[in-house]
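So you can see what is in the structure, the chains are spelled out below.
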Amino acid sequence: MTEAVIDNDADSVVPTPEAVYSELVSEVYIEPVRNVVVVDDEFPTLDALIAKQLGDAKAWQGQQRDVEAVKDILSFCRGRDRPWLVDVHDGKEIDVDGEVNIAQHLHHSDLMILDYHLLGDAGTGEKSIRILKQLAKNPHFNLVVVYTKGYEGDIQKVFVEIAAALSYADFRFLSVED
């Protein structure tokens with residue numbers, strides 16, 4: 001519901017700046033979303049669940065709470081007026097020691113929901129930061145939501161790590177002749 005202020009002089013309803021801002025953010029960032037990719041090392045992928053059903057050795061070995069979390073995300077994304085197409089990626093194709101090898105479809109998603117700790121809860125955010133840096137170079141990528149438990153519940157350190165990693169100066173686009 002949009003908040004509004006009644007303008008007694010004009011006998012009209014004028015939306016508050018907060019309401020206008022909220023609607024603008026929704027129009028620009030949320031409404032264009034058509035597909036979502038969730039990247040979390042603890043979440044089951046469709047391939048891993050099929051492998052589990054077939055008794056394959058590569059079957060997913062996670063916890064029931066992770067399946068329930070994926071189910072909640074799917075329900076949210078598919079329960080919209082215009083349902084979003086959703087894929088779950090386990091982040092295992094990311095090589096921290098070398099280049100980030102991300103499946104091509106991750107670059108073409110409108111929204112990425114990214115777990116900060118892709119090396120388990122005790123790991124660092126290095127993999128996620130590498131993904132964020134690569135996505136920041138992509139002019140077609142729209143939005144990333146990073147979620148985390150933080151470090152022992154402290155998310156401030158995660159915020160600082162992401163901000164510091166993404167706030168480098170890259171002046172290659174500037175012409176020397178200017």
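These remarks concern the structure in this document. (Residues numbered from 1 in each chain as written. Predicted model: local features only at pLDDT ≥ 70, side-chain atom pairs only at ≥ 80, totals over all residues. Heavy atoms only, no water.)

**Some remarks on the pairing of strand S5 (residues 111-115)**
Then comes step 1: Counting buried residues along S5, five of its five residues qualify, which places the element largely inside the surrounding structure.
Then comes step 2: Burial along S5 is two-sided: the face carrying Leu111, Ile113 and Asp115 and the face carrying Met112 and Leu114 are both buried.
Then comes step 3: Relative to S5, strand S3 (residues 35-39) runs parallel, the two being bridged by four bridges. Its bridge partner being in S5, Val39 is matched across the sheet by Leu114.
Then comes step 4: Bridge count between S5 and strand S6 (residues 143-147): five bridges; the pairing is parallel. The partner of Met112 across the bridge, within S6, is Val144. (Buried < 20%, exposed > 50% of the residue type's maximum accessible area, 1.4 Å probe, protein only. Helix = DSSP H or I, 4+ residues; strand = E, 2+ residues; numbered from the N terminus. Pairing = 2+ DSSP bridges.)

**What to know about the packing of aromatic side chains**
Aromatic ring pairs are described here by two measures, namely the spacing of the ring centres and the angle between the planes.
Then comes step 1: For the structure on display, the rule yields one aromatic pair.
Then comes step 2: Cation over ring: Lys157 sits above Tyr151, and NZ or CZ is 4.4 Å from the ring centre. (Phe/Tyr/Trp six-rings, centres within 6.5 Å; stacked < 30°, edge-to-face > 60°. Lys NZ or Arg CZ within 6 Å of the ring centre and 35° of its normal.)

**Remarks on the pattern of salt bridges**
Then comes step 1: Within the structure shown, the criterion is met by one salt bridge.
Then comes step 2: In this structure, Asp66 and Arg65 form a salt bridge, with 3.6 Å as the shortest nitrogen-oxygen distance.
Then comes step 3: On the accessibility criterion, Arg65 (42% relative accessible area) is partly exposed. (Salt bridge = Lys/Arg side-chain N within 4 Å of Asp/Glu carboxyl O.)

**Considering the sheet that holds strand S4 (residues 85-89)**
Then comes step 1: Read from one edge to the other, the open sheet built from four strands follows the order S4-S3-S5-S6, with strand pairing classed as parallel. Each edge of the open sheet is held by one strand with a lone partner, namely S4 and S6. Neighbour-to-neighbour, the strand axes of the sheet open up by a mean angle of 15 degrees, direction not taken into account.
Then comes step 2: The pairing of S3 with S4 spans five bridges and is classified as parallel. For Val37, the partnering residue across the bridge sits in S4 and is Asp87. (Axes fitted to C-alpha atoms, helices over the stretch in contact; angles between N-to-C directions.)

**A word on the nonpolar core**
Then comes step 1: Counting residues in hydrophobic clusters, the biggest one holds 14 residues, and the most contacted among them are Val39, Met112, Leu114 and Ile131.
Then comes step 2: The set of elements that each furnish at least two residues to this core consists of S3, S5, helix H5 (126-136) and helix H6 (156-166).
Then comes step 3: With four residues, H5 is the largest single contributor of residues to this core.
Then comes step 4: Counting residues in each nonpolar core, the second largest holds twelve residues, with Val36, Phe43, Cys77 and Val86 among its members. (Core = buried A, V, L, I, M, F, W, Y, C linked by side-chain atoms within 4.5 Å.)

**Considering unusual backbone geometry**
Then comes step 1: Positive phi is not limited to glycine here, since Glu152 has a value of about 50 degrees.
Then comes step 2: The residue Glu152 is located in the loop between S6 and H6 in this model.
Then comes step 3: On the basis of relative accessible area, Glu152 is assigned to the exposed category, the value being 87%.

**Considering H6**
Then comes step 1: Here H6 has its buried residues at Val158, Ile162 and Ala165. Here the buried residues of H6 occupy an arc of 70 degrees about the axis, which is enough to place them on one side. Seen from the buried face of H6, the exposed residues on the opposite side, beyond 90 degrees, are Phe159 and Ala164.
Then comes step 2: Here the buried face of H6 lies against H5 and S6. (Arc of directions from axis to C-beta. Contact = heavy atoms within 4.5 Å.)

**Structural notes on the side chain of Asp115**
Then comes step 1: As for its placement among the helices and strands, Asp115 is situated in strand S5.
Then comes step 2: One buried charged residue, Asp115, forms no salt bridge at all, with the nearest opposite charge on Lys149 at 7.4 Å.
Then comes step 3: A polar contact is formed between the side chain of Asp115 and the backbone nitrogen of His117, at a distance of 3.3 Å.
Then comes step 4: Among residues more than four places away in sequence, those in contact with Asp115 are Val39, Asp40, Asp41, Ser128 and Tyr147. (Lys, Arg positive; Asp, Glu negative; His and termini not counted. Polar contact = N/O pair within 3.5 Å; in protein donor to acceptor, adjacent residues only side chain to side chain.)

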